[in-house]
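Residue-level structure breakdown
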Amino acid sequence: MTAEPLDSSLRVVGQPDSRPQKVFCGHCGRAPNGEPEPKKADPESRVCSNCGMGLLLQAPAEFAPSPSDPFLVVDGSLTICALSRVAEELLGITETEAVNRHIGEFLVPGDSEAPTSENLGALLAWAARGDAPAKSVVVRPTNTFGVRYWARVGPCGPPRAALLVLADAR
Amino acid sequence: MHNFGVLIRAEATPTTKGKPQGAPIPDPVRFLKTSEAAALLNVSPNTLRAWERRFGYPKPQRSPGKHRLYTHGEIAALRDALQEGLSISSAVSRAREGLSADTDSLVGTLASFDRDRADAAMEAALALRSLERSVEEVLLPSLEELHRKHGADSARWAFAARWGDEWLRRAQRLAPPPVRQVSFLIGDASANELDPDSAAIRALELLCARAGARLLGLSVQGVSGIGEALAMLEPDAIVLAGGHARDDEVARWAYGVRSSVGALPVTLYRREVLRPLRVRTTGARLLSPSPSGALSELMEIVEVGRLGPTRRKEAAKSTTSLMPRERSAGA
């Protein structure tokens, strides 16, 4: 039995990202063993060998955080799954407090009337599905005014999740 | 069909070969040393200890030599969660959820009056934890939840309390024989098996027995002839447990005990809320409400008492305190 030739306009849903990937620790943001950009994480050991407090994740290289970037990892239900060490300092919460809580408890869109294409929740949900390219939006800490951050939203994993990398928006 | 008896009997079988007498007899639960647990998780022992500090998980027990002992179930649950997790925190959270499911399961089976499934739920808990932790983390919280939800006058609580009482007594009967040179007298001041304190008192008795201590549990209502009972036991400390009996009843019993064996350390277990002022005047020490905490404190009290001026010489003669009683000639 031979496979039917595929129409070039069709693609498999959830096709692996062909962009160059970077592996980083979900807590300290460093690449494993200090290597700048290893090809692939060791599936046997997902725990960061540098800090021991995070799991190794993968994201498109142009979008992946550096060790000095504060970032969060959010799943498809917009629940926080990881918080980097720098984000802990920036937001004043620990990862153990934040995990399993909704992102809206900590960050909300900076512009409440943003179009759907820039809606934080939608962007995170799409990114967690691996459907959307990395995009930047403005966010602010919940119940805090006058503080805004740029947030790059894109996919990461495994398992599939959205990565939200914060940067100063002033 | 549950194999509770098999599990407990396996624990009760003396396996002293190659082990110092007096060491707690290990559970059928598989324990891992730090290096073994770290290897299973593919991390360093330092990382494992750092997780314990930061996340409070995995929570090891201590060996007689104070080394960490991890239950295989906890480590395996964490390993599985790490493979599918996005962070250590979320993996720990997921592993914990798996363990807390045992409590939910036991509450559900007791609420539906299903004795066999309740036994099976405890067996499942025992597969992941030591018996001590299963009692403290699953059995007692489940009973407390049922009592809180349904009230002391409910049929569900009556069923659950009786089941818990029977389970704990059965486990105590199957505990290994006393191997430590320490004995406790427990004055039970609870009402009956429906008293919410009763299960905790049974749990304390079970843990004392499993720690190798000799034990005599008596209701505080039984005063007459108590001297004969005490002559057999020679207790090192007295525990007044439960808050139901009136102060005068307890005082009468304590007086009877003291008349027979003299001054001994007196401790209060689950009786602290009712009479805080009286405690200060009598010098009785309050024990932690958790059975394992209370047991540690009791052991400490006995240890300190033995190192007091009157017993210092005696303690110096023995190589180690609280070690197994020497068997008499011919025994």
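Residues numbered from 1 in each chain as written. Chains lettered and ligands numbered in written order. Predicted model: local features only at pLDDT ≥ 70, side-chain atom pairs only at ≥ 80, totals over all residues.

Considering the overall build of chain B
Put simply, the test is: In DSSP terms, a helix is any run of H or I states spanning at least four residues, a strand is any run of E spanning at least two, and both are numbered starting from the N terminus. Backbone-placed C-beta atoms define the burial measure: a residue is buried with 20 or more other C-beta atoms within 10 Å of its own, exposed with 12 or fewer, and partly exposed in between. Note that contacts rest on C-beta atoms placed from the backbone: two residues are in contact if these are within 7 Å.
Counting its secondary structure elements, chain B contains 14 helices and eight strands. Counting only residues that meet the buried cut, chain B has 38% of its 331 residues in that class. By sequence separation, contacts in chain B at least 24 residues apart represent 70% of the contacts at least 6 residues apart.

Observations concerning the overall build of chain A
For chain A, the count of helices and strands is three helices and eight strands. Moving toward the C terminus, one meets the helices and strands of chain A in the order β-β-β-β-α-α-β-α-β-β-β. If you take every contact in chain A between residues at least 6 apart in sequence, the share linking residues at least 24 apart comes to 54%.

Details of the nonpolar core
We count it as follows: Put simply, a nonpolar core is buried Ala, Val, Leu, Ile, Met, Phe, Trp, Tyr and Cys residues tied into one set by C-beta atoms within 7 Å.
Counting residues in each nonpolar core, the largest one holds 125 residues, and the members touching the most others are Val73, Val74, Leu124 and Leu164 of chain A together with Leu204 of chain B. Per-element accounting of this core gives the leading share, nine residues, to helix H9 (residues 196-210) of chain B.

Some words on the environment of Gln221 of chain B
Looking at the secondary structure, you find Gln221 of chain B in the loop between strand E5 (214-219) and helix H10 (226-233). The spatial distance from the C-alpha of Gln221 of chain B to the C-alpha of Trp253 of chain B is 7.1 Å, given a sequence separation of 32 residues.

Focus: the interface of chain A and chain B
Contacts between the two partners involve 20 residues from chain A, matched on the other side by 16 residues from chain B. For the side of chain A that touches chain B, the elements supplying multiple residues, two or more each, are strand E4 (80-83) and helix H2 (95-98) of chain A.

Topic: the packing of helix H8 (residues 155-173) of chain B against H9 of chain B
Residue and element names in this part refer to chain B. Worth spelling out the cut-off: In this analysis an axis means a line fitted to C-alpha atoms, helices contributing only their contacting stretch, and an angle means the value between N-to-C directions, from 0 to 180 degrees. Should an angle fall under 35 degrees it is taken as roughly parallel, and over 145 as roughly antiparallel, whereas 65 to 115 is taken as roughly perpendicular and any remaining angle as oblique. Charged means Asp, Glu, Lys or Arg here, nonpolar means Ala, Val, Leu, Ile, Met, Phe, Trp, Tyr, Cys or Pro, and polar covers whatever is left, Gly included.
Remark: H8 packs on H9, axes separated minimally by 9 Å, with the N-to-C direction vectors making an angle of 10 degrees. In terms of their interaxial angle, H8 and H9 are classed as roughly parallel. Contacts from Ala161, Gly164, Asp165, Leu168, Arg169, Ala171 and Gln172 in H8 reach Ser198, Ala199, Arg202, Ala203, Glu205, Leu206 and Ala209 in H9. Class assignment of the residues belonging to the contact of H8 with H9 gives a composition of seven nonpolar, three polar and four charged.

With respect to the sheet that holds strand E8 (residues 285-286) of chain B
Residue and element names in this part refer to chain B. Short version of the rule: A pair of strands is considered paired only if DSSP assigns at least 2 bridges between the two.
Read from one edge to the other, the open sheet built from five strands follows the order E5-E4-E6-E7-E8, with strand pairing classed as parallel. With one partner strand each, in any of the chains shown, E5 and E8 form the two edges of the open sheet. In this structure, strand E6 (residues 237-241) lies alongside strand E7 (residues 266-269), joined through four bridges in parallel fashion. Residue pairing for E7: Val239 is matched across the bridge by Thr267. Against the sheet, H10 touches strand E4 (183-188) and E5, its axis set at about 165 degrees to E5. Lying over the sheet, helix H11 (residues 247-261) contacts E4, E6 and E7, oriented at roughly 165 degrees with respect to E6.

A short note on the environment of Ser183 of chain B
All names here are of chain B. Mapped onto the secondary structure, Ser183 falls in strand E4. Separated by 32 residues in the primary sequence, Ser183 and Leu215 place their C-alpha atoms 5.6 Å from one another. Dropping the residues within four chain positions of it, Ser183 is found in contact with Ala213, Arg214, Leu215, Leu233, Glu234, Pro235 and Asp236.

Looking at the sheet that holds strand E3 (residues 68-71) of chain B
Residues and elements named next belong to chain B. Reading across the sheet, the three strands line up as E1-E3-E2 and stay open at both edges, with antiparallel pairing between neighbours. Because the sheet does not close on itself, it has two edges, and the strands there are strand E1 (31-32) and strand E2 (61-62). Of the pairings in the sheet, the one linking E1 to E3 comprises two bridges and is antiparallel in character. Across the sheet, the residue bridging to Phe31 is Thr71, located in E3.

Focus: the confidence of the model for chain B
All names here are of chain B. Rules: Every residue gets a pLDDT, meaning the predictor's confidence in that residue, from 0 to 100.
Here chain B averages 77 in pLDDT, while 80% of its residues score no lower than 70. Here residues 1-27 scores under 50 on pLDDT; set against residues more than four positions off or in separate chains, the count is 41 contacts. Across the predicted assembly, pTM comes out at 0.56 and ipTM at 0.78.

Observations regarding the packing of helix H2 (residues 34-41) of chain B against helix H4 (residues 72-84) of chain B
When two helices pack together, their arrangement is given by the angle between their axes and by how far apart the axes lie. Residues and elements named next belong to chain B. Stated formally: Crossings are sorted by hand: turned counterclockwise from the far helix by less than a right angle, the near helix makes the crossing left-handed, and turned clockwise it makes it right-handed.
The interhelical angle for the contact between H2 and H4, taken along N-to-C directions, is 25 degrees, at an axis separation of 9 Å. When the interaxial angle is binned, H2 and H4 end up roughly parallel. For the pair H2 and H4, the sense of crossing is right-handed. Within the contact between the two elements, H2 uses Ala37, Leu40 and Leu41 and H4 uses Ile75, Leu78, Arg79 and Leu82.

Here we look at the confidence of the model for chain A
Averaged over every residue, the pLDDT of chain A is 80; residues scoring 70 or more account for 76%. Scored below 50 in pLDDT, residues 36-42 of chain A makes twelve contacts in the model with residues more than four places away or belonging to other chains.

Section: unusual backbone geometry
Note the cis peptide between Tyr57 of chain B and Pro58 of chain B, where omega equals -10 degrees. Even without being a glycine, Asn143 of chain A presents a positive backbone phi close to 60 degrees. By secondary structure assignment, the location of Asn143 of chain A is in the loop between strand E6 (135-141) and strand E7 (149-156). Owing to 8 C-beta atoms within 10 Å, Asn143 of chain A belongs among the exposed residues under this scheme. Even without being a glycine, Arg270 of chain B presents a positive backbone phi close to 60 degrees. Along the polypeptide, Arg270 of chain B turns up in the loop between E7 and helix H12 (276-282). Judged by local crowding, Arg270 of chain B falls into the buried class, with 27 C-beta atoms found within 10 Å.

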